[in-house]
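Take a look at the letters that make up each chain.
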Amino acid sequence: VSEEALRHVINLSPNFLFAKDAQGRFLLANQATAEVYGTTVEGLLGKTDADFAKNPEDVRHFRSDDLDVIQSGRRKEIPEETITDATGRVRILRTTNIPFIMPGTSIPAVLGVAVDITELKKTQEALYKKAAAIETSMDGMAILNTEQKYIYMNDAHAKVYGYDNTDELIGKSWHVLYDKNE
């Protein structure tokens, strides 16, 4: 595989792919990484996060994590970190950094892949709010599967029928409610 073909594949990734040396200079990057900073891949190489990042706190965290990986020689998973992109939008990333030696050199570096999970986090938050509203509703709410068995209900639904908790009804047919009350 030629270097040009590999570069093309790397640039197709929507994830942020990068390698940085111990001084924090980008040794390689893909198009997504360059775009988040409002530059080109060529414009990013040899520069640091500090040259582009909008938020100094982002730079401090990135630098600390990068050095931790380079100095320890161990992989580091960062479940959530933020970056403020070139437009000022804050994005939430899930990043994996691993120790790396640039081919043809003995330069210790960090190789990273960051996935933008901003929309996932927004969706999770919205679902959490909806679930909390359903759970605390004074109205009884339940969901049945195709076999007419309970797969979900809130506490209000169970209490309407004289049950102390939902565990007593999950997996049972809704008919048990009427058999009990007859």
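Now for a description of the structure that goes with this document.

Criteria and cut-off values
- Residues numbered from 1 in each chain as written.
- Predicted model: local features only at pLDDT ≥ 70, side-chain atom pairs only at ≥ 80, totals over all residues.
- Heavy atoms only, no water.
- Helix = DSSP H or I, 4+ residues; strand = E, 2+ residues; numbered from the N terminus.
- Buried < 20%, exposed > 50% of the residue type's maximum accessible area, 1.4 Å probe, protein only.
- Contact = heavy atoms within 4.5 Å.
- Pairing = 2+ DSSP bridges.
- Axes fitted to C-alpha atoms, helices over the stretch in contact; angles between N-to-C directions.
- Core = buried A, V, L, I, M, F, W, Y, C linked by side-chain atoms within 4.5 Å.

This paragraph deals with the environment of R74. With respect to the secondary-structure elements, R74 resides in the loop between α4 (56-72) and β3 (76-84). Judged by its relative accessible area of 57%, R74 is exposed. Considering only alpha carbons, one finds R74 and V110, 36 residues apart in sequence, at a separation of 9.9 Å. In contact with R74, other than residues within four places in its own chain, are V69 and P99.

Attention shifts here to the side chain of D85. Assignment of secondary structure puts D85 in the loop between β3 and β4 (90-101). In contact with D85, not counting residues within four places along its chain, are V36, K54 and R91.

All right, on to the sheet that holds strand β2 (residues 26-29) then. Strands sit in the order β2-β1-β5-β4-β3 across an open sheet of five strands; the sheet is antiparallel. At either end of the open sheet lies a strand with only one pairing partner, and these are β2 and β3. The sheet shows a mean angle of 30 degrees between the axes of neighbouring strands, direction not considered. Where strand β1 (residues 16-21) and β2 come together, three bridges link them in antiparallel fashion. Directly across from K20, in β2, lies its bridge partner F26. Running over the sheet, α4 touches β1, β3, β4 and β5 (108-116) and is turned about 155 degrees from β3.

Among the secondary structure elements, T33 is positioned in helix α2 (residues 31-36). Relative accessible area serves as the criterion here: at 4%, T33 is assigned to the buried category. Beyond its immediate sequence surroundings of up to four residues, T33 is in contact with F16, L17, F18, F26 and L44.

With 16 residues, the main nonpolar core has F16, F26, V36, Y37, L44, I83 and L93 as its most contacted residues. Of all the elements in the fold, those that place two or more residues in this core are β1, β2, α2, α3 (41-44) and α4. Of all the elements, α2 adds the most residues to this core, at three residues. If near-sequence neighbours (up to four positions away) are discounted, L93 is found in contact with F16, I78, P79, E80, E81, I83, A114, V115, D116 and I117. Ranked by size, the runner-up nonpolar core spans seven residues in total, among them Y150, Y161, Y163 and L177.

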